[in-house]
Structures are given as C-alpha cells and as structure tokens.
Amino acid sequence: MSPLYDLILQRKGELQTETVQVVDAAQAWRLGRERYPHCIRGVVRREGGRDGSAAEPSKRR
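This one's a predicted model, so the numbers in the text were calculated from it and none came from an experiment.

Asker: Summarise helix H1 (residues 25–35); cite the residues concerned and give the values.
Answerer: Every α-helix carries 3.6 residues per turn, so stepping three or four residues along brings you back to the same face. Listing the buried residues of H1 in full gives Ala 28, Leu 31 and Gly 32. Relative to the axis of H1, the buried residues are bounded by an arc of 100° and lie together on one face. Here the buried face of H1 lies against strand E1 (4–11), strand E2 (14–21) and strand E3 (40–45). Capping the start of H1, Asp 24 holds a side-chain oxygen 3.4 Å from the backbone nitrogen of Ala 26, two or three residues further along.

Laid out in structure tokens, this is it:
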C-alpha cells in the first residue's frame, strides 16, 4: 500500500488539506500541481497506520 500525503492548499486566504495516496513526495507534488496549479503550497507525508491515523502506543507489560 502506498503512503498517504497531505496536499497543503491555500484557497481564499485559508489553508486546506487534501489527502492523496501516492508512491512518494515527488508524485504528490506532481499531482498537486496538476490538480491545483495556483493554490498548492506544500506536501506532507502522513505518519501512522494505513488509514493515516496515529499509531497507538504499546502497553507496558
């Protein structure tokens, strides 16, 4: 499964994100420039589980 990336977009003066599933950051940038050529501001890789949620800490034994 490919990692998840958040596209950081600036629309009407506000920052918004859109999550995409791509192979790497370069592909996320290409997709962002293709879909949102005038409002893409950044790309951030999501950490955590496959669904993008944060990993749960293990319980002490």
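There is more to say, and it comes next.
Asker: Help me get a handle on the pattern of salt bridges, residues and values and all.
Answerer: Overall, the coordinates contain two salt bridges when judged by the stated rule. The salt bridge involving Asp 6 is made with Arg 46; its shortest N-O contact spans 3.1 Å. Remark: Arg 46 occurs in the segment after E3 and Asp 6 occurs in strand E1; sequence separation between them is 40 residues. Among the ionic pairs, Arg 35 bridges to Glu 18, the shortest N-O distance being 2.9 Å. One end of the pair, Arg 35, is in helix H1; the other, Glu 18, is in strand E2, with 17 residues separating them in the sequence. Using a relative accessible area of 44% as the deciding quantity, one classes Arg 35 as partly exposed.

Asker: Tell me what's going on with the environment of Ala 25, and back it up with residues and numbers.
Answerer: As for its position among the elements, Ala 25 is in helix H1. Note on Ala 25: relative accessible area 34%, which makes it partly exposed. Along the backbone, Ala 25 and Asp 6 are 19 residues apart, and their C-alpha atoms lie at a distance of 9.8 Å. Among all residues touching Ala 25, those that are not within four sequence positions of it are Tyr 5 and Val 43.

Asker: Residues and numbers for the environment of Leu 7, please.
Answerer: With respect to the helices, strands and loops of the structure, Leu 7 is situated in strand E1. For Leu 7, a relative accessible area of 0% puts it in the buried group. Sequence separation of Leu 7 and Ile 40 is 33 residues, and the distance between their C-alpha atoms is 7.0 Å. When residues no more than four places from it in sequence are discounted, the contact partners of Leu 7 are Gln 16, Thr 17, Glu 18, Val 20, Ala 28, Gly 32, Tyr 36, Ile 40, Gly 42 and Val 43.

Cut-offs and rules
Residues numbered from 1 in each chain as written. Predicted model: local features only at pLDDT ≥ 70, side-chain atom pairs only at ≥ 80, totals over all residues. Heavy atoms only, no water. Buried < 20%, exposed > 50% of the residue type's maximum accessible area, 1.4 Å probe, protein only. Helix = DSSP H or I, 4+ residues; strand = E, 2+ residues; numbered from the N terminus. Arc of directions from axis to C-beta. Contact = heavy atoms within 4.5 Å. Polar contact = N/O pair within 3.5 Å; in protein donor to acceptor, adjacent residues only side chain to side chain. Salt bridge = Lys/Arg side-chain N within 4 Å of Asp/Glu carboxyl O.

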